[in-house]
Amino acid sequence: MAVLVVIGYHLGLTWLPGGFLGVDLFFVLSGYLITGLLLTEVARSGGLDLGRFYARRIRRLFPAMAVLLLVFAIVALRSDPLDRATMRADGLSALLDVANWHFIASGASYFAQFTMPSALRHTWSLAIEEQFYLLWPLMVLAITALARGRSRVVGGVVAGLATASFTASIVLYHPGTDPSRVYFGTDTRAFTLLVGALLAVVDRGSRWGPTGGRRGRAWAMASVPAIGGMVGMFLMAGDRDVWVYRGGLLAFALLAAVVIGAAHGGIVGRVLSTEPLRWIGTISYGLYLWHWPLDVWLTPQLVHASGWRLDVIRVLATFGVAVASYYLVERTVRQGRFPRRAALEAFGWTIGLLVAVIAVGTLGARPLPDYLQASRRDPNGPILVRTAARPAAKFAPATTRATSAADSTTTTVLSRPPTRVLLLGDSVAASVQGALGDELLGRGVSFADGTVVGCGVVLGDPADPSSRQVITSVRACSGTIAKVQQAALGQVHPDLVLLFSTWEREDRIVDGQYFAAGTPAWASHMLTLYDDTISRVTAAGARVGLVLPPDPVAGVHGQARVVDRVRRTTALRDVLAKVAQRHAGSVTPVDLASIVCPGQPPCPPIVGGLELRHEDGIHFDSPASQGWVARRIASLLTQLDLDHLPATTTPGGPPASSHPPPN
């Protein structure tokens, strides 16, 4: 059951937002089973054979993980060099069972919405399990020695440890921020395992235990509302909901403990013991180990499917690989008879071999491109202006004749293209700024880059739709945007300001009130924010080119996410069209969407013979794609008539202008 809801969550099933809680169910069950084994051995022999315990855990878990890491290293060989540095760290941390702390240290989010995930992201939970297996037997020995066989004391100590862990999770969680530190941390997740451990203590030494006559019936009766509560949380809990981290995880763990305790007998035990569920439980480790990498690797481009068909392919592949893993690897190793010394040597050699394989598979790694690095420029520093070596291309004056009867004179109006362009925007704009600057300089137009990675072009607070809280990474953006725009306008004195950002398609929080993207209230708020930005950048006489952003590439993210992004981007383009109408005298739309996404949405992966946005479906990530897009944007900009801005600017033809288009 636990692994099935996790698989559903990772497939992006919209009706199962709380599927991530399947990991907590597994934690409680694991804590219960392991603690029960340890307490039984202590009661029987007065101690623990730690070598035997650790050997059994290694034989159970390591062989299948080793196969996964070998496949992961082979995939790394065929991956883009940009991904390999991250893949190397991910692979080594998974191998050494510290993946959860690696993801905390690297700032990776389990709930990331805008980046391609690691194929080993799910190993954070296996790392917590392994750390529990390493430390908990030693702690059980110490606790039982301290308690001198008194179950009540053992239970009190375990409950105290669980309380300390839960308290740490409360202290370290800050509403409105990414909860990954709390979600990944061994210290802040231990209480879930310890709830299972406490159940094992109660089961073996308390009159409140779930076994036996009247007590068993009481637990069985309690399991009915407990199951209902768990199902309700699976269907309603969001992975960023504040209440989840303010007691929801603990409540779920307690409900799970009741259900596990009631599974000793009665209808709950019979249902959970049916043959299909028993078989799924048998291969559950392989299902969990392989489902997420296959979700990442089996892309729509690879299998030529999308939507529910893609989900079916991924699920079938997961079950197929899990079955092969169990019967060919896991069961073979577990049933084999290996001398302890030989097994230990084989384990050490395998660790060394995997380190070498992962290192070789990730050779040639490249760092993140400049446009994705938040520290690419100090927002308080000067704006670099690239000055054209030659003036802009000559243009013909437009001659008009006044029709006043009193004064029949001829007036010459110079229609001028921009000579100084300032680009303001986010990382998508930053991905093309270098190539765009080169193109404009070649056309005699000076260029300045005022993009800020991770921030948009309007002030205010984008919000996360799950938590309905301000997105942590953008909390400082309003101040940064204001500083950069003020400094850039003062230093560059642009003729044309190009506004190019996708952050404005996110939900918003205004004075504590939440506005969902695409709603009339959100659109009204965004119009106000854009009015403020337009007024700010045109105060000194500059005109504005308002870039209509394209949809994401189809198939790079999950189908549900692509549909959501298309909806949001469409809503933003509608807002931008209204902005251009409201400021027709100073603003013209620059329709990048029709260049990059010809036809109906979603965007095709290849346009003009180029894979324009290969890495994440959003940024223009190769020199070829950057140059291709920059040439088309530059052609549009150098055709603009700043004295008579056209109503629209599209790649279908030159705008209404008195000067010919550049070559």
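Residues numbered from 1 in each chain as written. Predicted model: local features only at pLDDT ≥ 70, side-chain atom pairs only at ≥ 80, totals over all residues. Heavy atoms only, no water.

The subject of this paragraph is the pattern of salt bridges. Under the defined criterion, the tally for this structure stands at 13 salt bridges. Arg-189 is the partner of Asp-24 in a salt bridge, and the nearest nitrogen-oxygen pair spans 2.3 Å. You can see Asp-24 sitting in helix H2 (residues 22-45) and its partner Arg-189 sitting in helix H9 (residues 186-205), a full 165 residues away along the chain. By the burial criterion, Asp-24 is buried, and Arg-189 matches it. Salt-bridge contacts for Arg-204 lead to Asp-203; the nearest nitrogen and oxygen are separated by 3.7 Å. (Salt bridge = Lys/Arg side-chain N within 4 Å of Asp/Glu carboxyl O. Helix = DSSP H or I, 4+ residues; strand = E, 2+ residues; numbered from the N terminus. Buried < 20%, exposed > 50% of the residue type's maximum accessible area, 1.4 Å probe, protein only.)

So, on to the sheet that holds strand S11 (residues 543-547). Taken in spatial order, the six strands of this open sheet run S1-S5-S4-S8-S11-S12, and their pairing is mixed. Where the open sheet ends on each side, the last strands, each with one partner, are strand S1 (385-386) and strand S12 (587-590). Pairing of strand S4 (residues 420-425) with strand S8 (residues 496-500) involves five bridges; the strand directions are parallel. Considered in S8, the bridge of Leu-422 is made with Val-497. Sheet strands in contact with helix H18 (residues 427-442) are S1, S4, strand S5 (446-449) and S8, and its direction is about 165° off that of S5. Sheet strands in contact with helix H20 (residues 520-538) are S4, S8, S11 and S12, and its direction is about 140° off that of S11. (Pairing = 2+ DSSP bridges. Contact = heavy atoms within 4.5 Å. Axes fitted to C-alpha atoms, helices over the stretch in contact; angles between N-to-C directions.)

Here we take up unusual backbone geometry. At Asp-97, a residue that is not glycine, the phi angle is positive and equals roughly 60°. Non-glycine residue His-493 carries a positive phi angle of around 50°. Classification of His-493 by relative accessible area gives partly exposed; the value is 49%.

Moving on: the environment of Ala-162. Tracing the backbone through its elements, the reader meets Ala-162 in helix H7 (residues 151-172). Along the primary structure Ala-162 and Leu-198 are separated by 36 residues, whereas in three dimensions their C-alpha atoms are 8.7 Å apart. Excluding its chain neighbours within four sequence positions, the residues that come into contact with Ala-162 are Phe-191 and Leu-194.

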